[in-house]
Amino acid sequence: MAVVTLQNIVKHYESGGAPAVDDVSFTVEDGEFMVLLGPSGCGKSTTLRMVAGLESITSGRLAIDHQLMNAVPAKNRDIAMVFQSYALYPHMSVRDNLGFGLKRRHTNRRLVRQRVEEVAASIGLTAYLDRKPHALSGGQRQRVALGRAIVRDPKVFLFDEPLSNLDAALRVSTRAELVRLHRELSATMIYVTHDQVEAMTMGDRVCIMEHGRVAQIGTPMEVYLNPANAFVAAFLGNPPMNLMPATADGGAVLLGGRRVAAVAAEGDVLFGIRPEDLTPTDDARAAVISGRVASLEPLGAETLIHVDRGDSTVIVRGPRVPSARLDEPIHLRADPGMIRLFDAATGEAIRLPEEAMT
Amino acid sequence: MAFASDRTAVASRPRISTAALRSAALILFIALYTAFAAGPFVWVASMSLRTTTEINADHYAFPWPMHFEKFAVAWTESNYDTYFFNSAAVVLAAVAILTVVGGMAAHCFARYRFPLKGVVYFLIFSTIIFPPQVTVIGLFQLMVDYGLYNSRIGLVLVYVAIQLPITIYILEAFFARIPGDLFDAARIDGYSEWAIFWKISLPVALPAISTTIILNTILLWNEFLYAVVLITDDDKRTLPLGVLRFMGDQLEDVGMIATGLMIAIVPVVLIYVFFSERLIQGMTAGAVK
Ligand SMILES: Nc1ncnc2c1ncn2[C@@H]1O[C@H](COP(=O)(O)OP(=O)(O)O)[C@@H](O)[C@H]1O
Ligand SMILES: [Mg+2]
C-alpha cells in the first residue's frame, strides 16, 4: 500500500535554537509497523507531524510511494492519524466523528453510513454511535479515535502516543488489539511512543531517537541485544544496561584491575552488561565484578540486586529468592557473549571479536 | 467528649446569627439594587399606558385607566412600524456580518501566524479607545463623502465597525482555547482551512458565538448616537430615534415617548429573558472538552 521514505529530514522551529529534528533518514516499508521511540522532547512528534503534513519540512525529502510529499498539504496525503488527545470533534456524535473524513471523499451517504457501521461493529462501538464524545469513557474515546483512522482506509497510519491516556490494564489490551489490527490490515504504520514496552512488543522495527537524531534503527531484538551506542543501551531495558567506566590497553579491557574482555581498542571505554546477563558466583576469581549488596528489590517473579562497587552501582536480575544477603560481599559472573563495549568519549559501540572473554 | 461538643455549640451560636445577618444584608442590597435598576423601567412602563395630560397631573400615579390604544396609535399613526422594520433590518444585517467577519478574524488571530499580525491586531483595537463623541464628527464627514450618509446600509457598516473589536476579542479568546489537535485532525480528514472554519471552529465555539450575537443585538438595537447623527429621513429611522417624533421645539409628548420606548425595549427584554442563560454560559464557558 505505501512506502514512506524520509531523507535527511531537518526541522527548525521559528523559535530558533537547536533543530527539533536533525538529519533523520529512514524508510518504512510497505505494511511495516515502525515505532519511533525516545525520551520526551527528542523530536518524535515533530517527525510524525512532518510525515502527516502538519509541520513544514525545513530541509530534506519526504516521499510516500516514491512521490515527493514535502509540498503536499495534509488533506491530500491520504494518511490517518491518532492523536494522544484523541482530538474527537466535541460537537459531533460518534457516528459523525467516524464518518467526517469519509464524507469529504465520498458523496454516497449510504456507503459512508455502511462503512462507519461496519468499522464501529469491528471495534465494539455500535452501541455508542449516537453519543457525543463527552459522554464516553477514556477507553471508548480512544476507540473512536482509532475507528476514525480505520474507516478511512488510508495509505499510512500515524499514531502519536495513542495509549498514554489509558489506564494500565486497558493499555495492555489495546496494545494487543493494535498488533492484531496491523496484522489484519497489513497497513503501513508509524507509531510514536516513549514507552519501550510498547516499542518492543508492537514494532516490526524500532527507530530510537535522541536530541532530534536517529540513534539506532533495527528490530526490537537487534536494538536490545546490540545497542549502537551507550544512549540506546541505557535507554532500553528496565532496568537498563549496566554501564561502567573501564580502560582498554589495546589488547584487553580492564575493569577494576581485572581483564574482562579482549578488544583491539585503546583508551577509556564503557563496559556494558544487561542485568539478566550477570549471575552471582562463589568463585571470586571467575567474577567480573565484585561489590557489596546495597539493596534487594523483590518484584515477585524476580529480585533486583543492587550491587555497590564503590564508584558505581550495578543491577543484577536475580531469582525470586536470591541467595544474596544485604550488606554482604557479592561476586558476579558476566555471560561473555553479552558483554558490550562503548567508546567513553563518543558513546559509539566497539565491535568485539566473537570470543570476547579471556 | 461532652465538654468538647458543649464548646462547639457555644461557639457556633453567634456564628449562625452572623451568617443570618450577612444574608439579610445581602438580600437588602439586592432588593435595593433591583429597585434602583428596575425602578425607571417600571416608571416608563406605567407612563406608556397614560396620556401626557395624566402624567403632567401626577408623575407617579398608577396607570388607570390603562390606555393600551396608545401602542396602536404609535404603531400605525406615528410610523413605529417603519422604525421597527428599520431596526430589525439594520440590526440583523449588522449582527450577521459581525458574526461571520468577526468569527473569521478571530479564527485567524487564534490559529495562524502571519506577517504584521500584531499591527493588524493593534489597528483593530485602537478604535475602541476613542469615545464615539470624538469620532462621530469625522465619521459623519466620511459618510457624506462616500454617499453613505442618511442610508441604512451606511448605518449597518458603522455598526459593524464599532462592534467588530469586541466581537473579535470575545471570539478569539474562545477560539484560542480550542485544542489545536482538533484542527489538525480535520486537516488530516481532508478538509480545507475554509471548511474547517465552518465545520469545526464555528460549531465548537457556539457558546461564544451566541454570546456575541446576543450582546451585539442588544447593544445595536438600543444604539442612538450614531443613528441620530447619520440618519435624517423619518422613514429610515430606527426605533431609538422614534422618540424624536414626539419631541417638538416647544412641547414634548411624554406619554407617547414612553409608549415608543416600551415598543423599542420589549424585544430586547424578550431576547434577554430567553437567552440570558446561554449568555452567561458563553461568558463563563470552560475549556472545550
Ligand atoms: N510548535 C513548536 N514550536 C517550537 N518548538 C517546538 C514546537 N513543538 C515542539 N518543539 C520543540 O521541538 C523539540 C521536539 O519536540 P517533540 O517533537 O514534541 O518531542 P517528542 O514528541 O519526542 O516529545 C522539543 O525540544 C520541543 O520543545
Ligand atoms: Mg510528543
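The model shown is predicted, which means the values in this text are computed figures rather than measured ones.

How each quantity is defined
- Residues numbered from 1 in each chain as written.
- Chains lettered and ligands numbered in written order.
- Predicted model: local features only at pLDDT ≥ 70, side-chain atom pairs only at ≥ 80, totals over all residues.
- Heavy atoms only, no water.
- Helix = DSSP H or I, 4+ residues; strand = E, 2+ residues; numbered from the N terminus.
- Buried < 20%, exposed > 50% of the residue type's maximum accessible area, 1.4 Å probe, protein only.
- Contact = heavy atoms within 4.5 Å.
- Core = buried A, V, L, I, M, F, W, Y, C linked by side-chain atoms within 4.5 Å.
- Pairing = 2+ DSSP bridges.
- Near = heavy atom within 4 Å.
- Polar contact = N/O pair within 3.5 Å; in protein donor to acceptor, adjacent residues only side chain to side chain.
- Nonpolar A, V, L, I, M, F, W, Y, C, P; charged D, E, K, R; others polar.
- UniProt positions renumbered as here; feature names shortened; annotations may be inferred.
- Axes fitted to C-alpha atoms, helices over the stretch in contact; angles between N-to-C directions.
- Parallel < 35°, antiparallel > 145°, perpendicular 65-115°, else oblique.
- Left-handed = near helix turned anticlockwise from the far one by under 90°.
- Buried area = accessible area lost by both parts, 1.4 Å probe.
- Salt bridge = Lys/Arg side-chain N within 4 Å of Asp/Glu carboxyl O.
- Phe/Tyr/Trp six-rings, centres within 6.5 Å; stacked < 30°, edge-to-face > 60°.
- Lys NZ or Arg CZ within 6 Å of the ring centre and 35° of its normal.

Draft legend 1. Fine view of the overall build of chain A. When helices and strands are tallied, chain A shows eight helices and 21 strands. Counting only C-alpha atoms and orienting by the principal axes, one finds that chain A spans roughly 80 × 45 × 35 Å. Burial analysis of chain A (358 residues in total) assigns 49% to the buried set. Pairs at least 24 apart in sequence give 63% of the contacts found in chain A among residues at least 6 apart.

Draft legend 2. Fine view of the nonpolar core. By size, the foremost hydrophobic cluster in this structure holds 92 residues, and its most contacted members are V4 and L158 of chain A together with F175 and I200 of chain B. Of the residues forming this core, the biggest block, 11 residues, is contributed by helix α4 (residues 80–111) of chain B. With sequence-adjacent residues up to four places away left out, F175 of chain B is seen in contact with G103, A106, H107, A110, R111, F197, S201, L202, A205 and I209 of chain B. Listed in part, the 43 residues of the second largest apolar core include V94, L98, L125 and V223 of chain A.

Draft legend 3. Seen up close, the pairing of strand β4 (residues 59–64) of chain A. Residue and element names in this part refer to chain A. Here strand β1 (residues 4–11) pairs with β4 via five bridges, running antiparallel. Pairing of Q7 across the sheet is with R61, part of β4. Sheet topology note: the β4/strand β5 (residues 67–68) ladder contains two bridges and is antiparallel. Within the sheet, the bridge partner assigned to A63 lies in β5 and is L68. Hairpin geometry of β4 and β5 is characterised by an intervening segment of two residues between the two adjacent antiparallel strands and by a positive phi of about 50 degrees at D65.

Draft legend 4. Summary view of the site of ligand 1. All names here are of chain A. Near ligand 1 you find Y13, S15, A20, P39, S40, G41, C42, G43, K44, S45 and T46, and these make up its full shell. Take G41: an N or O atom from its main chain is 2.6 Å from an oxygen atom of ligand 1. Of the residues in the shell around ligand 1, the class split is four nonpolar, six polar and one charged.

Draft legend 5. Here's a closer look at the UniProt feature "domain: ABC transmembrane type-1" (unreviewed entry) in chain B. In the numbering used here, UniProt assigns the feature "domain: ABC transmembrane type-1" (unreviewed entry) to residues 84–275 of chain B. End-to-end, the C-alpha atoms of residues 84–275 of chain B are 21 Å apart, and along that stretch the chain is 73% helix and 0% strand.

Draft legend 6. Summary view of the sheet that holds strand β8 (residues 188–193) of chain A. All names here are of chain A. Spatially, six strands are ordered β6-β7-β8-β3-β9-β10 in an open sheet, and the strand pairing comes out mixed. Both outer strands of the open sheet, β6 (79–82) and β10 (213–218), are each paired with one neighbouring strand and no more. Ignoring which end each strand starts from, the neighbouring axes of this sheet average 20 degrees apart. As judged from the five bridges shared by strand β9 (residues 205–210) and β10, these two strands associate in the antiparallel manner. In the strand pairing of β10, E210 is matched with R213. Lying on the sheet, helix α5 (residues 168–185) is in contact with β3 (33–37), β7 (156–160) and β8; it crosses β8 at an angle near 160 degrees.

Draft legend 7. Structural view of the packing of helix α4 (residues 138–152) of chain A against α5 of chain A. Residue and element names in this part refer to chain A. Running from amino to carboxyl end, α4 crosses α5 at an angle of 15 degrees, the nearest separation of the two axes being 12 Å. By the angle between their directions, the pair α4 and α5 is classed as roughly parallel. Like other packed secondary-structure pairs, α4 and α5 cross with a definite hand, here right-handed. Where α4 abuts α5, its residues G139, Q142, R143, L146 and I150 lie against L170, T174, E177, L178 and L181. Looking at the contact of α4 with α5 residue by residue, the class counts come to five nonpolar, three polar and two charged.

Draft legend 8. Quick peek at the pairing of β6 of chain A. Residue and element names in this part refer to chain A. Taking every second residue as pointing to the same face, both faces of β6 are buried, with I79 and M81 on one and A80 and V82 on the other. Strand direction decides the pairing type here: β6 and β7, joined by four bridges, are parallel. Residue pairing across strands places V82 opposite F159, the latter belonging to β7.

Draft legend 9. Up close: the sheet that holds strand β19 (residues 329–334) of chain A. Residue and element names in this part refer to chain A. Pairing within the open sheet is antiparallel, and its five strands lie in the order β15-β19-β16-β17-β18. In this open sheet, the two strands that pair with only one neighbour each are β15 (278–281) and β18 (313–318). Pairwise comparison of adjacent strand axes, ignoring direction, gives a mean angle of 50 degrees for this sheet. Taken together, the four bridges between strand β16 (residues 289–298) and β19 define a ladder with antiparallel strand orientation. Of the residues in β19, the one forming a bridge with I289 is L332.

Draft legend 10. A look at the interface of chain A and chain B. With 25 residues of chain A in contact, the opposing surface of chain B contributes 18 residues. When the two sides are added together, the surface that chain A and chain B hide from each other amounts to roughly 1,900 Å², 62% of it contributed by carbon and sulfur. Applying the counting rule to chain A against chain B returns three salt bridges. A salt bridge links R49 of chain A to D184 of chain B, with the shortest nitrogen-to-oxygen separation between them at 3.0 Å. On inspection of chain A and its partner chain B, the count reaches 11 residue pairs in polar contact (both at pLDDT 80 or more). At the level of secondary structure, the elements contributing two or more residues to the side of chain A that touches chain B comprise α1 (44–52), β6, α2 (94–105) and α4 of chain A. A breakdown of the residues in the side of chain A that touches chain B according to their chemical character gives 13 nonpolar, four polar and eight charged.

Draft legend 11. Broad picture of the packing of aromatic side chains. All chains considered together, the criterion is met by 20 aromatic pairs over all chains. Here F84 of chain B and W221 of chain B contribute two aromatic rings whose centre-to-centre distance is 5.5 Å and whose plane-to-plane angle is 75 degrees, an arrangement assigned as edge-to-face. Of this pair, F84 of chain B sits in helix α4 while W221 of chain B sits in helix α10 (residues 206–221), and the two are 137 residues apart along the sequence. Residue classification places F84 of chain B among the partly exposed residues on the basis of a relative accessible area of 26%. For W221 of chain B, a relative accessible area of 8% corresponds to the buried category. Centroid distance F197 of chain B to W198 of chain B: 5.3 Å. Interplanar angle 80 degrees. Geometry classified as edge-to-face. Residue F197 of chain B is classed as buried on the basis of its relative accessible area of 3%. According to the relative accessible area criterion, W198 of chain B is partly exposed, its value standing at 35%. Cluster of aromatic residues (ring-pair linked, three or more members): F109, F114, Y121, F125 and Y169 of chain B. When the ring centre of Y224 of chain A is taken as origin, the NZ or CZ atom of R274 of chain A, which lies over that ring, is 3.8 Å away.

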